[in-house]
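The lines below spell out each chain.
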Number of protein chains: 2
Amino acid sequence: MRISRFILAFIFTISSGVLSAQEISSPDGSFTLSFSLDASGAPTYQLNFKDQPVIESSRLGLDLINDSVDLHMGFRILDTETTSLDETWNPVWGEESEIRNHYQEFLVKLEQVSTERKLNIRFRLFDSGLGFRYEFPVQEVMGHFAIAEELTEFAMTGDHTAFWIPGDYDTQEYDYTESKLSEIRDLMESAITPNASQTPISETAVQTALMMKSEEGLYINIHEAALIDYAAMHLELNDKQMIFRSHLTPDAQGVKGYLYTPAQSPWRTVIVGESGADILASRITYNLNEPSKIDETAWIKPMKYLGVWWEMITGQSSWAYTDELRAVKLGETDYSKVQPNGKHGATTENVKKYIDFAAEHGFDGVLVEGWNEGWEDWFGNSKDYVFDFLSPYPDFDLEGIAAYAKSKDVKMIMHHETSSSVRNYERHLDEAYQLMKDYDYPAVKSGYVGNMLPRGEHHYSQWLVNHYQYAVEKAAEYQIMVNAHEAVRPTGVARTWPNLIANESARGTEYQAFGGNKANHVTVLPFTRQIGGPMDYTPGIFEMDVFNGSHVNSTLANQLALYVTMYSPLQMAADYPENYKRFPDAFQFIKDVALDWEKSVYLEAEPGYYLTIARKAKESGEWFVGNVNGLDGRTGEIPFDFLEERKTYIAEIYSDASDAHFKTNPQAYEIRKVRVDSKSVLEQFSAPGGGYAIRIYEADKSELKGVKKLK
Amino acid sequence: MRISRFILAFIFTISSGVLSAQEISSPDGSFTLSFSLDASGAPTYQLNFKDQPVIESSRLGLDLINDSVDLHMGFRILDTETTSLDETWNPVWGEESEIRNHYQEFLVKLEQVSTERKLNIRFRLFDSGLGFRYEFPVQEVMGHFAIAEELTEFAMTGDHTAFWIPGDYDTQEYDYTESKLSEIRDLMESAITPNASQTPISETAVQTALMMKSEEGLYINIHEAALIDYAAMHLELNDKQMIFRSHLTPDAQGVKGYLYTPAQSPWRTVIVGESGADILASRITYNLNEPSKIDETAWIKPMKYLGVWWEMITGQSSWAYTDELRAVKLGETDYSKVQPNGKHGATTENVKKYIDFAAEHGFDGVLVEGWNEGWEDWFGNSKDYVFDFLSPYPDFDLEGIAAYAKSKDVKMIMHHETSSSVRNYERHLDEAYQLMKDYDYPAVKSGYVGNMLPRGEHHYSQWLVNHYQYAVEKAAEYQIMVNAHEAVRPTGVARTWPNLIANESARGTEYQAFGGNKANHVTVLPFTRQIGGPMDYTPGIFEMDVFNGSHVNSTLANQLALYVTMYSPLQMAADYPENYKRFPDAFQFIKDVALDWEKSVYLEAEPGYYLTIARKAKESGEWFVGNVNGLDGRTGEIPFDFLEERKTYIAEIYSDASDAHFKTNPQAYEIRKVRVDSKSVLEQFSAPGGGYAIRIYEADKSELKGVKKLK
């Protein structure tokens, strides 16, 4: 069998007139990508890192709908092109102010012999891994086509350890499971925890970005970049052979995508390194996206914000104005005639309290949820006309609040929960954005809770991916920043549309009030969810025992560290002002921490266990360090060699007390102020579910007085 | 069994504390409606006409989704109300200038005993039949609910003759079949002819408006009125018991509707009479719709129009600009770089020719299809971004044509083919309507050809019914008139939104170029499709042998008659100007015929066989008579007693020659001018598939000179 295949391949190679195996190397030579057609004329690729395979020979191609000859075999190579690029670009916001885009590119032009169809595959090999995509050029024999499935394989070299969540067409809001690939099948059922909308795929399907570690100590991350007008990809594991295969999100009829030439798939990415830090430092995802399509970006500004939100999440107040209405007819229901429930959060009075607090403590914005009519029956009813995004409740003075916020130099952040009724949202989008402009709201948090309308569609199908993109591009017309929750997980599209300042698309802080997250959750997210872009994780909870009885599985110091470790240009301080007033010294860190960075240094990075990042603020030049820790207490050693030599700094260290614990003693923190320089090494304990946060700033003599040196 | 049921019913009646059988009569006493709860507490109704049952005892109710106790039995009567109304209203346009709305109303308020749910059923009994609907009042135990099926029954009294088309979720574009109800099952397969999008329902499902005749000579018509935010109803026949049951159009998941209180179903209508004329004269459908929601209606004006259309339908020219493109990327495809196909219809030059002809012959408007980019791949590709409704082809000078039309006092009619990509249409609706205002287009012909996007949705589901309504209401904001093709069949909604000036929603003239319609098709349409509102049938074909080899099954005189028999405030003269120039004398009738009427008299009306209508024009006071004939030649006798007594008129009679025949000799017509008065009786031959058209106007002595009296 093996021999006959080899002979066939050999014959095919001769007859096609070109070499069927080709190889390129990454700029620094650490990676090798080889491409070949197998005996059946199927495209295959293999990725080596330092001469060892990371992805073993894996097939490429697609199954098409209503097509007698699918697009995954019988090809010949028409032509190949090898090029390279080395450029540097400046993101509007980000973990660093300059990003190098440096790769070798290999473009292989294929023709399916029996059908004369052309399929190109473009590989880009970076020093941190691989990106590749399918391209469908304009051609006589192929205009429109529909995808039954994409057949991209990622053949693993062994039974790696993975940090995974269940493959699901409608949610990513799961806790991560750490297991061997071979254990996924047995663990799947318990990994599928309840969600407001969920459609798990199979016993071995997982989502991207998927973080793995090999027994040899390699860190491997599979995701996608530039997901535009295409269904989101999941990974279906063949757990006998340890081969992942792409599994796209279907539409209501099971079709995975409708394309027409010229077209391309998103990039499939494989980031590889010898440490977790290599994964976090890779910029492959952004680099594979197009440059910004927004020319004038001065209106896109990072924001630190408070919000009328946590009090609803914890059940203390309500989004809804009244408990009387079984159903609301927007434009007909007269709210002035119903009895308020007395616990509505978005009242003018309450909002002004938040504005006052924001102004007092230097926050940029205030988010208000539940400000608009319709929250009485918004969820679970497949209600089409669920919100108009225009009509405030009678106790929310839209105009008065706007004026008050302006007088305090605070920006209001709009909230557009769509209840996944996306047609309704699109119908109101122009007016809703215009209302924001009229009242000076620079940003919107949008939401897609619950099952999709149109019914049968899924959150991550091409139809919806197209919608989220539409909402972002239209927002750009209005110079509005978007923070979309429950939308498809990001894939670096924010490079092209930097007004997409954040997404949720993972299990965020809200689940701490819904029974809690795993205490090591935040040590995984940067390796998974955040590979594609910033997350609006909404950290900053100081009171872990919340009103509804749920417990936040985190220490207070860990909460502070999240402002550094969970990169986002949009950062919330999610707890009540009252709780910040209880801990003003700790709150100071949230006030001080920057939002936008000149550079980031990944000091320690072990998914599931610990993560320490140092970042230099863009404007002030101050450094901030964040450490989040896993389930066991740990003392780390951090050299401060990221600091400029021959300068002296003050470090304000917010850390867990020695008896701190995410469950039993979360509010035990210590704050100390020490003198440091580039030769300092910090030995620092982090409690279970804990961490620490540090502000470091250059200090002159007068400031240094009385500040002791770090020991 | 019978006895025990009776006893149960009796006991129930006693215990419910109210009479379980109640009866009302129509204003003139001809109809009796009785309502009762049966032994199981199921609501039932029976309709009698002149003491004979028309609808035998039939059940009412609904099956709900995820509901252990469905909403069709176990009720008790809480209360009943009997009221009446007699009012007259004036439609913006129509078959008559005054419509009397005169009924007895019976409202029964039910409570389902085990669930405490309230369901009201409102009956309105007119002198021409019955309307009833379900109402779901605001109540504690029922807010949102989803419909599995509506269970409304219409129990026929016998094996009636029906004029039916197959029940289908996506098309009404079928020829009618005349058969006994018992024959539907055997004839269904052959009745389902191909269509661009079709989803037939079952072997015995038919569409409304369904026209029937009983053996006793009763004419019975079942349809619905005020179809708003609800799925369109089909009728599923139990052909053993001759009971129709409602069958709603499902969404992609099979759900038939999502409602929330207060809500109501559309009205279910049963129009009954002793002649076909009684059916046509009934205004039940409009009367059951709400009064106009457009206050200022001066901008809504009937229009007679020409169009760049028939030349595409017959294959002589094309909608598309080029044959080169397999796929079009709107905004990216550069049409200036492709080879025109040389047969594009919507060229500036060709359009100006139509404008010239329209101006010369007094037409109000010119429709142009294929003016905008995207026609190369618009059909059958599930293409989302298929048109932008804004970008003209390079050979269509939008601005120049608008100026030219204005200089000739001709209005342009816009064309918006959506290719059933409704999200895309809604995204562009505002800009598209604004473009129309910018270039002074007062009306739009919209189209929904092909399968629906979102995929899995159907043309007649609640989701799409909601869309068509949205497009009409938004058009009203822009003071734009809508003529929607392939949309759901009308149900009198034009009373409420009189800018909905026409629909297609049936097999129109275009099928005469696709193999031909049955020659008696137009004798059926007024009894079926037009019960709900005007049809843009696009008559006026003078050359029956069309370029693509198809034959128009109609005589030329029949084509003229359609302007009278097929009522619409929007009437096309669909043939080429060249063909009108060949028959200027016959063309004169199309130029003369009015569009809006003071009153209509239904002189002869036998569905499938013949139909003669006289209408008095609103402004001129002229009368127009149209006769369309079935498959056999026939001589009818028409008394002119609709004319004012003691006045003398000239009648211009356009009729079939004695040897005319729709197939073999369609262009054999005669025109004669005679003197008539209210005592005149016209004996007039109509050929197979033929007919006649008459213009009648009061004449003074000088005009009457030399005009002979009608013999």
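Residues numbered from 1 in each chain as written. Chains lettered and ligands numbered in written order. Predicted model: local features only at pLDDT ≥ 70, side-chain atom pairs only at ≥ 80, totals over all residues. Heavy atoms only, no water.

Some remarks on the overall build of chain A
When helices and strands are counted, chain A shows 14 helices and 37 strands. In terms of overall dimensions, chain A is globule-like: its C-alpha atoms have a radius of gyration of 26 Å, near the 27 Å expected for 711 residues. Referenced to the eigenvectors of the C-alpha coordinate spread, the extents of chain A come out at roughly 80 × 70 × 50 Å. With 711 residues in all, chain A has 65% of them scored as buried. A separation threshold of at least 6 residues defines the contact pool for chain A, and within that pool the share at least 24 residues apart is 71%. Carbon and sulfur atoms provide 46% of the accessible area of chain A, an area that totals close to 25,000 Å². Of note, chain A has its 65 positive side-chain charges centred 4 Å away from the centre of its 104 negative side-chain charges. (Helix = DSSP H or I, 4+ residues; strand = E, 2+ residues; numbered from the N terminus. Rg over C-alpha atoms; globule rule 2.2 N^0.38 Å. Buried < 20%, exposed > 50% of the residue type's maximum accessible area, 1.4 Å probe, protein only. Contact = heavy atoms within 4.5 Å. Areas by Shrake-Rupley, 256 points an atom, 1.4 Å probe, with all protein chains shown as cover. Lys, Arg positive; Asp, Glu negative; His and termini not counted. Charge placed at Lys NZ, Arg CZ, Asp CG, Glu CD.)

Comments concerning the domain arrangement of chain A
Residues and elements named next belong to chain A. Taken domain by domain, chain A holds domain 1 (2-287), domain 2 (299-500) and domain 3 (506-566 + 575-711). With 39 residues of domain 1 at the interface, the matching set in domain 2 holds 28 residues. The interface formed by domain 1 and domain 2 holds two salt bridges in total. At the junction of domain 1 with domain 2, the criterion picks out 21 residue pairs in polar contact (both at pLDDT 80 or more). (Domains from an automatic or database assignment. Salt bridge = Lys/Arg side-chain N within 4 Å of Asp/Glu carboxyl O. Polar contact = N/O pair within 3.5 Å; in protein donor to acceptor, adjacent residues only side chain to side chain.)

Considering the UniProt feature "domain: Glycosyl-hydrolase 97 C-terminal oligomerisation" (unreviewed entry) in chain A
In the UniProt entry, the feature "domain: Glycosyl-hydrolase 97 C-terminal oligomerisation" (unreviewed entry) is given for residues 596-696 of chain A. Between the end C-alpha atoms of residues 596-696 of chain A the distance is 15 Å, and the span holds 0% helix and 58% strand. (UniProt positions renumbered as here; feature names shortened; annotations may be inferred.)

Examining the pattern of salt bridges
Pairing between side chains of opposite charge can happen when their charged atoms approach one another. Counted under the stated rule, the structure contains 82 salt bridges over all chains. K337(B) is paired through a salt bridge with D334(B); the nearest N and O atoms lie 3.6 Å apart. In this structure K337(B) comes out as exposed when scored by relative accessible area, which is 70%. Each of the salt bridges in this network shares a partner with another, and the network as a whole consists of E105(A), R122(A), R124(A), R133(A) and E135(A).

Brief notes about the interface of chain A and chain B
Counting residues at the interface gives 35 residues for chain A and 35 residues for chain B. Both faces combined, the contact of chain A with chain B buries some 3,400 Å², and carbon together with sulfur accounts for 51% of it. Counting across the interface, chain A meets chain B through four salt bridges. Counting every contact that joins chain A to chain B gives 18 residue pairs in polar contact (both at pLDDT 80 or more). (Buried area = accessible area lost by both parts, 1.4 Å probe.)

Digging into the sheet that holds strand β29 (residues 597-606) of chain A
Residue and element names in this part refer to chain A. Pairing is mixed in the open sheet, where seven strands are placed in the order β29-β30-β31-β36-β33-β34-β37. Two strands close off the open sheet at either side, each with one partner strand: β29 and β37 (708-709). Here strand β34 (residues 669-676) pairs with β37 via two bridges, running parallel. Of the residues in β37, the one forming a bridge with V674 is K708. Contacting β29, β30 (610-617), β31 (623-629), β33 (649-656), β34 and β36 (691-698), helix α11 (residues 556-565) crosses the sheet at an angle of about 125° to β31. Each of β31, β33, β34 and β36 touches helix α13 (residues 584-592); the most contacted strand, β33, lies at about 120° to it. (Pairing = 2+ DSSP bridges. Axes fitted to C-alpha atoms, helices over the stretch in contact; angles between N-to-C directions.)

Quick look at the relation of the copies chain A and chain B
Its rotation angle being 180°, the transformation that places chain A on chain B also includes 0.0 Å of axial translation and leaves an RMSD of 0.0 Å. Taken together, the rotation and translation relating the two chain copies correspond to the operation of a two-fold axis. (Least-squares fit on C-alpha atoms with pLDDT ≥ 70 in both.)

A short note on the environment of T83(B)
Mapped onto the elements of the fold, T83(B) is located in strand β6 (residues 75-89). Sequence separation between T83(B) and Y103(B) is 20 residues, and the spatial gap between their C-alpha atoms is 8.6 Å.

Here's the deal with helix α9 (residues 462-477) of chain A
Residue and element names in this part refer to chain A. The terminal C-alpha atoms of α9, which comprises 16 residues, lie 23 Å apart, in line with the 22 Å expected from a rise of 1.5 Å per residue. Here α9 lies mainly inside the structure; 14 of its 16 residues are buried. Of the residues trailing α9, Q479 is marked for its positive phi of about 55°. (Expected span 1.5 Å × (residues − 1).)

Comments concerning the confidence of the model for chain A
All names here are of chain A. In the predicted model, chain A carries a mean pLDDT of 96, and 97% of its residues have values of at least 70. Below a pLDDT of 50 lies the segment residues 1-19, which in the model reaches 14 contacts outside its immediate sequence neighbourhood of four places, other chains included. Interface predicted TM-score (ipTM) for the complex: 0.94; the corresponding pTM is 0.95. (pLDDT = per-residue confidence, 0-100.)

Details of the environment of G456(A)
Along the chain, the position of G456(A) falls in the loop between β25 (443-447) and α9. When the C-alpha atoms of G456(A) and Q253(A) are compared, they prove to be 8.0 Å apart, with 203 residues separating the residues in sequence. If we skip the residues at most four places from it in the chain, G456(A) touches D251(A), A252(A) and Q253(B).

Quick look at the sheet that holds strand β34 (residues 669-676) of chain B
Residues and elements named next belong to chain B. On the basis of which strands lie adjacent, the open sheet formed by seven strands has the order β29-β30-β31-β36-β33-β34-β37 and mixed pairing. For this open sheet the edge positions go to β29 (597-606) and β37 (708-709), each flanked by a neighbour on one side alone. Relative to strand β36 (residues 691-698), strand β31 (residues 623-629) runs antiparallel, the two being bridged by six bridges. Its bridge partner lying in β36, V628 is registered against G691. Contacts from helix α11 (residues 556-565) reach β29, β30 (610-617), β31, β33 (649-656), β34 and β36, with the element oriented near 125° to β31. Running at roughly 120° to β33, helix α13 (residues 584-592) makes contact with β31, β33, β34 and β36 of the sheet.

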